Amino acid sequence: MTAATPDPAPDFDRARCSVAATLAVVGEKWTLLVLREAFLGVRRFADLQRALGAPRAVLTDRLHRLVAEGLLVRVPYRAPGERERHEYRLTDRGRDLHPAVVALMQWGDRWLAGDGDPPLALTHRDCGAPVSLGLRCAAGHDVGGPREVTATPTGRPAETPATPPG
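Right, let's walk through the structure included here. The structure displayed is predicted, hence computed values, not measured ones.

## Some words on the packing of helix H2 (residues 29–39) against helix H3 (residues 45–52)
Here comes step 1: Interaxial distance between H2 and H3 falls to 10 Å at its minimum, and their mutual angle equals 115°. The way H2 lies across H3 gives a crossing that is right-handed. Along the contact surface, H2 presents Trp30, Leu33, Val34, Arg36 and Glu37, while H3 presents Leu48, Ala51 and Leu52.

This is the structure in structure tokens:
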């Protein structure tokens, strides 16, 4: 008799899934590219449009959405002799997405960049060492992949596997 294989998909409220909710906010190409530019320090509409090549209406829509979601804030500025304009600055909520964008970049560097160097290298401003992402548990252990993680629905303890008699 073989032990029952645990269901690989935990029973949780998928209507409240954080991945789905996050994708509803940032899961569109231009939105992620606007965030990438914001992380690189680009703040002004004209500079964003020049860097991205996005149609004006698309960029306007994405910026409004990012402001409405609290990821960016509009801040007025006035260049000498010009009318008042606005720049877009990351909020704490927006800055918290930096690791997610870096993870996407690193995945693309590994799987899509081809044989050459990746188009952009990230280094630590203080020491100059390359920046990379990794998962680590609260006890400090490196987590190498999904097979080293147990997904547990919140609000109830994880089910413990049945111990075979004997």
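Still to come is the rest of the account.
## Some remarks on the pattern of salt bridges
Here comes step 1: Tallying each qualifying case throughout the model produces 11 salt bridges.
Here comes step 2: Between Arg43 and Glu87 there is a salt bridge whose closest N-O contact spans 3.5 Å. In this pair, Arg43 sits in the loop between H2 and H3 while Glu87 sits in strand S2 (residues 84–90), placing the two residues 44 residues apart along the sequence.
Here comes step 3: Judged by its relative accessible area of 5%, Glu87 is buried.

## What to know about a nonpolar patch on the surface
Here comes step 1: Side chains of Trp107, Trp111 and Leu112 sit close together on the surface and give an oily, nonpolar patch of about 410 Å² of accessible area.
Here comes step 2: Here Trp107 shows up in helix H6 (residues 98–111).

## Some points on the side chain of Glu37
Here comes step 1: Tracing the backbone shows Glu37 in helix H2.
Here comes step 2: According to the relative accessible area criterion, Glu37 is buried, its value standing at 7%.
Here comes step 3: Look past the residues within four positions of Glu37 in its chain and what remains in contact with it is Val42, Leu48, Ala51 and Leu52.

Rules and cut-offs
Residues numbered from 1 in each chain as written. Predicted model: local features only at pLDDT ≥ 70, side-chain atom pairs only at ≥ 80, totals over all residues. Heavy atoms only, no water. Axes fitted to C-alpha atoms, helices over the stretch in contact; angles between N-to-C directions. Helix = DSSP H or I, 4+ residues; strand = E, 2+ residues; numbered from the N terminus. Left-handed = near helix turned anticlockwise from the far one by under 90°. Contact = heavy atoms within 4.5 Å. Salt bridge = Lys/Arg side-chain N within 4 Å of Asp/Glu carboxyl O. Buried < 20%, exposed > 50% of the residue type's maximum accessible area, 1.4 Å probe, protein only. Patch = residues over 30% accessible without salt bridge, like charges linked within 9 Å, V, L, I, M, F, W, Y side chains within 5 Å. Areas by Shrake-Rupley, 256 points an atom, 1.4 Å probe, with all protein chains shown as cover.

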